[in-house]
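# Structure assessment
The chain contents come next:
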Amino acid sequence: MGHVDGNAIAGSLAEIFPFDVTAAVGRCAHCGSTGMIGDAMVYFAATGTIVRCANCDEVLAVLVETPSRIWLSLSGVRGLTLPT
Amino acid sequence: MSDPPPAAARTAWRVGTVIEARPETSSARRIVLDIPDWPGNDAGQHLDVRLTAPDGYQAQRSYSIASAGLGSRVELAVDELPEGEVSPFLVEDLQLGDRLEVHGPLGGYFIWMPQSVTHDARPVQLIAGGSGIVPFLAMVRAHAAIADPTPFRLLYAVREQSDVFYLQELLQLALSGLKLDFVYSGTAPRDWPVPAGRITKEALAGLAIPASEKPRVFICGSTGFVELVAGWLIELGHAAADIRTERFGGT
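None of these values were measured; they are calculated from a predicted model.

On to the domain arrangement of chain B, then. All names here are of chain B. Per the domain assignment, the segments of chain B are domain 1 (7-106) and domain 2 (115-248). With 16 residues of domain 1 in contact, the opposing surface of domain 2 contributes 14 residues. Of the roughly 1100 Å² buried between domain 1 and domain 2, counting both surfaces, carbon and sulfur atoms make up 56%. Looking at the side of domain 1 facing domain 2, the largest losses of area belong to Thr25, Ser64 and Ala66, adding up to 34% of the total buried there. Our count for the contact surface shared by domain 1 and domain 2 stands at one salt bridge. With a shortest N-O distance of 3.3 Å, Arg141 and Glu75 are connected by a salt bridge. Within the residue set of the side of domain 1 that touches domain 2, elements represented by two or more residues are strand S2 (28-34) and strand S5 (73-79). Sorting elements by how many residues they give to the side of domain 1 that touches domain 2 places S5 first, with four residues. Counted by class, the side of domain 1 that touches domain 2 contains seven nonpolar, five polar and four charged residues.

Dropping the structure here:
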């Protein structure tokens, strides 16, 4: 299945963060490139949502939502810069 | 536009009531919601719609908003995906007066802000594939409503004229400054100067603002369309940082 843009998880992330993460700039922990989260590649799977770096394709984040909780890993993001 | 509160503070689950619904094309429907506590939205933002079945099963999908600005009136244009979980209900079953759970406004990435806010005078190129036109409707409407001086050009790739969303309104906007181009992949209108066919790199080069003018580019459509067009734009000399994309998945 193809991917969509980071923009597509704005709703899920808005359940967690009090700011719009898709407009934030993140640094990839794998390749060191920076980009807006909206530029990242998002893959929806039955088990969860995987966010990959648009530059190196490595995993930036994994999001799993169930009726009772949300689990988020940001293991591939080294720092986020937010517009204030 | 006055300073709106920060986007995040404005995002919430809300309930909207359907106040208008009419066919947009043979497979799409224009739906207007009245959402009393809607804080307004930027041009290009989207919202999530959540449907809950009597047994508690929930399905949620994102839809671009065709309207922008303040007010409780929020307009969507939804294309029915035959295999979809949410769009068939919205296009075929949703009735006037029905209430809908929506989460929004969402997304600060794929938005257009007026030059008075960004102080960015570079031209803007919008490229839509099929129902990817919806966020651009919000942008061209907002642009026209405040008479923003930014040059706008819209390239709309579509199968045939009967599939065009908002045709009359787009033609009207084209009379007042919007540069509007169509590429027909299936059947071109009678007397159309070029034969119908899928968009090519050469057609794109001829119909988009050239890289030398350093336009900000927004592309919205299916994943395949967006990949193709964004790749060609890079080859034509556009900077990746000037290109923002919104791909939609298939369900």
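This paragraph deals with the nonpolar core. Residues and elements named next belong to chain B. Core analysis: the largest hydrophobic core is formed by 36 residues, its most contacted members being Leu126, Ile133, Phe136, Met139, Tyr156 and Leu170. Of all the secondary structure elements, the ones that give two or more residues to this core are strand S7 (124-129), helix H4 (134-145), strand S8 (152-160), helix H5 (167-175), strand S9 (179-187) and strand S10 (216-222). Summarising the domain contributions, this core has at least three residues from each of domain 1 (7-106) and domain 2 (115-248). With near-sequence residues (within four places) excluded, Met139 lies in contact with Ala43, Gly44, Phe110, Ile111, Trp112, Leu126, Phe152 and Phe218. Ile31, Leu47, Val49 and Leu100 belong to the second largest nonpolar core, which has 20 residues in total.

A few words now on the pattern of salt bridges. Under the definition given, this model contains 20 salt bridges over all chains. Three or more residues are tied together by salt bridges with common partners; here these are B:Glu20, B:Arg22, B:Glu24, B:Arg30, B:Arg73, B:Glu75, B:Arg141 and B:Glu169.

Now for the packing of aromatic side chains. Residue and element names in this part refer to chain B. The tally for this structure, following the rule as stated, stands at seven aromatic pairs over all chains. Relative to Phe136, the ring of Phe110 lies with its centre 5.8 Å away and its plane at 35°, an arrangement referred to as tilted. With Phe110 in the loop between strand S6 (99-106) and helix H3 (115-118) and Phe136 in helix H4, this pair connects stretches of sequence that are 26 residues apart. On the accessibility criterion, Phe110 (1% relative accessible area) is buried. Relative to Trp192, the ring of Tyr184 has its centre 4.9 Å away and its plane inclined at 85°; by these criteria the two rings are edge-to-face. Members of the aromatic cluster, each reached through a chain of ring pairs, are Tyr156, Phe182, Tyr184 and Trp192. The cationic tip of Arg50 hangs over the ring face of Trp13; the distance from NZ or CZ to the ring centre is 3.9 Å.

Attention now moves to the interface of chain A and chain B. Contact residues are listed per partner, giving 17 residues for chain A and 22 residues for chain B. Looking only at chain A, the three residues that lose the most surface to chain B are A:His3, A:Asp5 and A:Asn7, adding up to 35% of its buried area. Where chain A touches chain B, the interface holds one salt bridge. The shortest N-O distance in the salt bridge between A:Asp5 and B:Arg247 comes to 2.3 Å. There are eight residue pairs in polar contact (both at pLDDT 80 or more) connecting chain A and chain B. Mapped onto the side of chain A that touches chain B, the elements with two or more residues apiece are strand S1 (4-5) and helix H1 (10-14) of chain A. The greatest single-element share of the side of chain A that touches chain B, amounting to three residues, is contributed by H1(A).

Parameters and conventions
- Residues numbered from 1 in each chain as written.
- Chains lettered and ligands numbered in written order.
- Predicted model: local features only at pLDDT ≥ 70, side-chain atom pairs only at ≥ 80, totals over all residues.
- Heavy atoms only, no water.
- Domains from an automatic or database assignment.
- Contact = heavy atoms within 4.5 Å.
- Buried area = accessible area lost by both parts, 1.4 Å probe.
- Salt bridge = Lys/Arg side-chain N within 4 Å of Asp/Glu carboxyl O.
- Helix = DSSP H or I, 4+ residues; strand = E, 2+ residues; numbered from the N terminus.
- Nonpolar A, V, L, I, M, F, W, Y, C, P; charged D, E, K, R; others polar.
- Core = buried A, V, L, I, M, F, W, Y, C linked by side-chain atoms within 4.5 Å.
- Buried < 20%, exposed > 50% of the residue type's maximum accessible area, 1.4 Å probe, protein only.
- Phe/Tyr/Trp six-rings, centres within 6.5 Å; stacked < 30°, edge-to-face > 60°.
- Lys NZ or Arg CZ within 6 Å of the ring centre and 35° of its normal.
- Polar contact = N/O pair within 3.5 Å; in protein donor to acceptor, adjacent residues only side chain to side chain.

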